[in-house]
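Understanding the architecture of this molecule
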Amino acid sequence: MGKRGRTGKFFSAAKQRSWESRQSSYEERIGAKGSGTENVYTPRDGFWDEDFTEGEDSTFANGVEAGDALLNYLLSLHVSGKLSAKSLCVVSWYASRAGSLGDVKNFAFRPSAPTGHFQRHVDSALGVNMKHEMSWRYRVDIPGHHKHDVSRTVHESLVTLPHEALHKEISADPSILSRIDSMELPPLYWQHELVKKSSEVVVPLAIYLDGVPTQNRDGALEFWVYNLLTYKRVLCAVLRKSHLCKCGCGGWDSIHAIWCMLRWSLTSMLHGVVPSERHDSADWKPSDEGRSILAGAAVGYNAIVLQTKGVDGIR
Ligand SMILES: [Zn+2]
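Residues numbered from 1 in each chain as written. Predicted model: local features only at pLDDT ≥ 70, side-chain atom pairs only at ≥ 80, totals over all residues.

We now examine the overall build of the protein chain. Per the secondary structure count, the protein chain includes 11 helices and 7 strands. When the 315 residues of the protein chain are sorted by exposure, 32% land in the buried category. For the protein chain, long-range pairs separated by at least 24 residues make up 61% of all intrachain contacts whose partners lie at least 6 apart in sequence. (Helix = DSSP H or I, 4+ residues; strand = E, 2+ residues; numbered from the N terminus. Buried ≥ 20, exposed ≤ 12 C-beta atoms within 10 Å, placed from the backbone. Contact = placed C-beta atoms within 7 Å.)

Counting residues in hydrophobic clusters, the biggest one holds 37 residues, and the most contacted among them are Trp224, Cys236, Leu239 and Ile258. At the level of secondary structure, the elements contributing two or more residues to this core comprise strand 2 (138–144), helix 7 (162–172), strand 4 (202–213), strand 5 (219–227), strand 6 (232–240) and helix 10 (252–271). In this structure isoleucine 258 touches Val140, Phe223, Ala237 and Leu239, once residues within four positions along its chain are discounted. The next biggest cluster of nonpolar side chains, apart from the first, holds 19 residues, and it includes Val91, Phe107, Phe109 and Leu126. (Core = buried A, V, L, I, M, F, W, Y, C linked by C-beta atoms within 7 Å.)

With that settled, the discussion passes to helix 10. The terminal C-alpha atoms of helix 10 lie 28 Å apart, and with 20 residues this matches the ideal 28 Å at 1.5 Å per residue to within 8%. Listed in full, the buried residues belonging to helix 10 are Ser254, Ile255, Ala257, Ile258, Met261, Leu262, Ser265, Ser268 and Met269. End-on, the buried residues of helix 10 take up no more than an arc of 155 degrees, which puts them together on one face. On its buried face, helix 10 is in contact with strand 2, strand 3 (153–159), helix 7, strand 5, strand 6 and strand 7 (302–309). Remark: glycine 272 follows helix 10 within two positions and exhibits a positive phi of approximately 70 degrees. (Expected span 1.5 Å × (residues − 1). Arc of directions from axis to C-beta.)

Let us look at the environment of alanine 257. Within the secondary structure layout, alanine 257 lies in helix 10. The spacing of alanine 257 and valine 140 is 117 residues in sequence and 7.3 Å in space, taken between C-alpha atoms. The residues contacting alanine 257, other than those within four sequence positions of it, are Val140, Asp141, Ile142 and Pro143.

All right, on to helix 5 (residues 116–126) then. For the α-helix, the turn length of 3.6 residues means that residues three or four positions removed from each other point alike. Of all the positions in helix 5, only Phe118, His121, Val122, Ala125 and Leu126 are classed as buried. Down the axis of helix 5, the buried side of the element spans an arc of 125 degrees, and every buried residue falls inside it. Away from its buried face by more than 90 degrees, helix 5 exposes Gly116 and Ser124. One or two steps after helix 5, the chain reaches glycine 127, where phi turns positive at roughly 75 degrees.

Now for the confidence of the model for the protein chain. One rule of thumb: low pLDDT means the predicted coordinates there are not for detailed reading. Of the residues in the protein chain, 75% reach a pLDDT of 70 or more, and the chain-wide mean stands at 78. Per-element mean pLDDT across the protein chain ranges from 35 in helix 1 (residues 9–17) up to 96 in helix 4 (residues 85–97). Throughout residues 1–55 the model reports pLDDT below 50, and contacts reaching past four residues in sequence, or to other chains, amount to 97 contacts. (pLDDT = per-residue confidence, 0-100.)

Here we come to the packing of helix 4 against helix 5. Two elements in contact, helix 4 and helix 5, have axes separated by 8 Å at closest approach and are oriented at 70 degrees. With respect to their mutual orientation, helix 4 and helix 5 come out roughly perpendicular. Contacts between helix 4 and helix 5 involve Ala85, Lys86, Leu88 and Cys89 on the former and, on the latter, Phe118, Gln119, His121 and Val122. (Axes fitted to C-alpha atoms, helices over the stretch in contact; angles between N-to-C directions. Parallel < 35°, antiparallel > 145°, perpendicular 65-115°, else oblique.)

Okay, unusual backbone geometry next. Here the phi dihedral of tyrosine 231 falls at roughly 60 degrees; this positive angle occurs in a residue that is not glycine. Along the chain, tyrosine 231 turns up in the loop between strand 5 and strand 6. The backbone of serine 281 sits at a positive phi, close to 65 degrees, despite the residue not being glycine. Note on placement: serine 281 falls in the loop between helix 10 and helix 11 (289–294). Looking at serine 281, the number of C-beta atoms within 10 Å reads 8, which means it is exposed.

In strand 2, alternate side chains face the same way, and those of Tyr138, Val140, Ile142 and Gly144 are buried while those of Arg139, Asp141 and Pro143 on the opposite face are not. Pairing of strand 2 with strand 3 involves 7 bridges; the strand directions are antiparallel. Across the sheet, the residue bridging to valine 140 is serine 157, located in strand 3. (Pairing = 2+ DSSP bridges.)

Quick look at the structure:
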């Protein structure tokens, strides 16, 4: 993609943080064990009070900006399943031949190419295996506004579940759990009822919310969960500020959906079991097939949230 990082807002977070990238890169280790605090992200003061709406509207954009707006639009249609990889490549092909500027040319692929080539081309232009990403990430319905919507609508967002990320980490290296014996944890941890009662290891976690200003003055709110045993951090969800609900709730309707998902995931870890239903009690989605099979299974450890940061500002 262009070195200006112009693929636009839709995927700008992906390039900066690798969040939309390969499965292994959504987890990053921060510093050596015991040094977690200096690398912790905090929301920029006043971020949520700033008005981004003016810079957000690309309706009358020209040149490169209009090209980027076109690509953002096509990518959002593609990710939400409304535009096939082939259509994305063919529209991009003719758009770039018609003179469209910006990174839309990276997605252009000749219309006569064999069918199987289009998804591969999209994946390579994004640096992401979309099919793989779509198949394992959890889907949360989030009320909000996208700029091509006339009014408030519900959009399906892909998130990484904290309990699944933790389980993946511990399954890969169960010896992580024994680190609890050599850790210096605050009295708060040892006084926790679960820690006193449980015969399993209780993994200490931290939640951090980070407000990230991105290009074109739009910003994003990131929800991170840290495993304090390893200081591995997982970016669970990202809400773009321009997509937040604008019904007068101050964006809360959108944030609340993520909050419910986090509460549900963290509660399941408190009990040491795989959730037995979706966070919203709705029917399992087709992408939840593996989850419905494991529903209610004990994982052999518990987890509690020991620390939060950046949470107060948005409650
Ligand atoms: Zn609202």
